[in-house]
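# Inside the fold
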Amino acid sequence: MDLDTAALQALLDKEAIREVSLRYTRGIDRHDDALLASAYHADALDDHGAFIGPGDAFVEYANRAHAQNWVCHQHYVTNQTIDLTGDTAHCESYFLAVLKRPDGICDMVGGRYVDRVERRDGRWAVAARICMVEWNVEAGPNSAPLDPDMFVRGAWDRADPSYRRPLEVVRPQRDLSLG
């Protein structure tokens, strides 16, 4: 079997571009300035509805807005298309975001990130982004069957368990279903 180096390079490039999306979502949810900023090139522009401006300024805006309005949040990237041409890719990434207010109400948002991603000096990052919100809903508190206090809490910094190396389970063993 002959190795198709062009096809292999395209797969490697697409995976590196997907990693850009994951750096963005983890960076925004952990309030990790460096990680979030790494998803953008220095001259990137982001049209994010209430904020339109450079990527580095978006990092400060996003952390401030999230901290002012919500006590925790998660951003998910789901379906993603990547049209790759050399060192430029045009991507459409569907997203879901769930953001919990201090009063327990959760804002749920669905939309798309439409990006131009470029490879510069061997590094893929967003050069231009348009965030499109296509729906949003509220979910009331106390409507969930699970008590979130049973679970380990995340943090908006490197104290979050996802940064631990090696990861270890430190809480005492239990099985609450045994009553």
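Refer to the preceding data block for the structure.
To keep things clear, this report deals only with the structure shown in the data block. (Residues numbered from 1 in each chain as written. Predicted model: local features only at pLDDT ≥ 70, side-chain atom pairs only at ≥ 80, totals over all residues. Heavy atoms only, no water.)

## Structural notes on the pairing of strand E4 (residues 88–100)
Selection criterion: Accessibility here uses a 1.4 Å probe with only protein chains present; expressed as a share of the type maximum, an area under 20% marks a residue as buried, one over 50% as exposed, and anything in between as partly exposed. Secondary structure elements are taken from DSSP: a helix is a run of H or I of four residues or more, a strand is a run of E of two residues or more, and numbering for both begins at the N terminus. Note on pairing: DSSP must find at least two bridges between two strands before they are called paired.
Residue alternation in E4 divides its side chains into a buried set, Ala89, Cys91, Ser93, Phe95, Ala97 and Leu99, and an unburied set, Thr88, His90, Glu92, Tyr94, Leu96, Val98 and Lys100. Relative to E4, strand E3 (residues 72–85) runs antiparallel, the two sharing 12 bridges. For Thr85, the partnering residue across the bridge sits in E4 and is Thr88. Here E3 hands over to E4 after 2 residues, with Gly86 in that stretch at a positive phi of 65°. Pairing between E4 and strand E5 (residues 106–120): 13 bridges, direction antiparallel. Directly across from Ala89, in E5, lies its bridge partner Val117.

## Details of the nonpolar core
Filter applied, for reference: Joining through side-chain atoms within 4.5 Å is the link that ties buried Ala, Val, Leu, Ile, Met, Phe, Trp, Tyr and Cys residues into a set, and such a set is a nonpolar core.
Grouped together as the largest cluster of nonpolar side chains are 27 residues, with contacts concentrated most on Ile17, Tyr24, Tyr40 and Phe58. Those elements giving two or more residues to this core turn out to be helix H1 (5–30), strand E1 (40–48), helix H3 (55–69), E4, E5 and strand E6 (123–139).

## Concerning H3
The condition that has to hold: Expected helix span is taken as 1.5 Å per residue step, with the number of steps being one fewer than the number of residues. The criterion used for residue contact is that any of the two residues' heavy atoms lie within 4.5 Å.
Over its 15 residues, H3 runs 21 Å from end to end, which matches the ideal 21 Å to within 8%, given 1.5 Å per residue. Three or more residues of H3 are buried, namely Gly55, Phe58, Val59, Tyr61, Ala62, Asn63, Ala65 and His66. Residues of H3 that are buried in the fold lie against H1, helix H2 (33–37), E1, strand E2 (51–54), E3 and E4.

## A word on the sheet that holds E4
Quick note on the threshold: Here the axes come from fitting lines to C-alpha atoms, over the contacting stretch only for helices, and the angles between their N-to-C directions go from 0 to 180 degrees.
The mixed open sheet is built from 6 strands, whose spatial order is E2-E1-E6-E5-E4-E3. Two strands close off the open sheet at either side, each with one partner strand: E2 and E3. Taking each pair of neighbouring strands and ignoring which way they run, the sheet shows an average axis angle of 15°. Along the sheet, H1 contacts E1, E3, E4, E5 and E6; its crossing angle with E3, the most-contacted strand, is approximately 160°. Along the sheet, H3 makes contact with E1, E2, E3 and E4, crossing E2 at roughly 140°.

## Overview of the packing of aromatic side chains
This is how it is decided: Only Phe, Tyr and Trp rings take part, Trp by its six-membered ring, and two of them pair if their centres are within 6.5 Å. Stacked means planes under 30 degrees apart, edge-to-face means over 60, and tilted covers everything else. For a ring to carry a charge above it, either NZ of a lysine or CZ of an arginine must fall within 6 Å of the ring centroid while also lying within 35 degrees of the normal to the ring plane.
A complete count under the given rule lists 8 aromatic pairs for this structure. Both rings, one in Phe51 and one in Phe58, keep their centres 5.7 Å apart while their planes meet at 55°; by these two values the pair is tilted. Taking 6.0 Å as the distance between ring centres and 45° as the angle between the ring planes, the aromatic pair formed by Phe58 and Tyr61 counts as tilted. With Phe58 and Tyr61 both in helix H3 and 3 residues apart, this pair spans about one turn of that helix. You'll find Phe58 and Tyr61 in the same group, each marked buried. For Arg129, the ring lying beneath its charged end belongs to Tyr24, and the centroid distance is 4.4 Å. For the cation-ring pair, Arg129 lies above Tyr113, with the distance from its terminal atom to the ring centre recorded as 4.2 Å.

## Topic: H1
Our working rule: N or O atoms within 3.5 Å of each other form a polar contact, as long as, within protein, one can give a hydrogen and the other can take it, and as long as residues adjacent in sequence are counted only when both atoms are side-chain atoms.
Under the 1.5 Å per step criterion, the end-to-end length of H1 is 37 Å for 26 residues, consistent within 8% with the ideal 38 Å. Every buried residue belonging to H1 is among Asp13, Ile17, Val20, Ser21, Tyr24, Thr25, Gly27, Ile28, Asp29 and Arg30, and all of these are buried. Capping the start of H1, Asp4 holds a side-chain oxygen 3.2 Å from the backbone nitrogen of Ala6, two or three residues further along. Remark: His31 follows H1 within two positions and exhibits a positive phi of approximately 55°.

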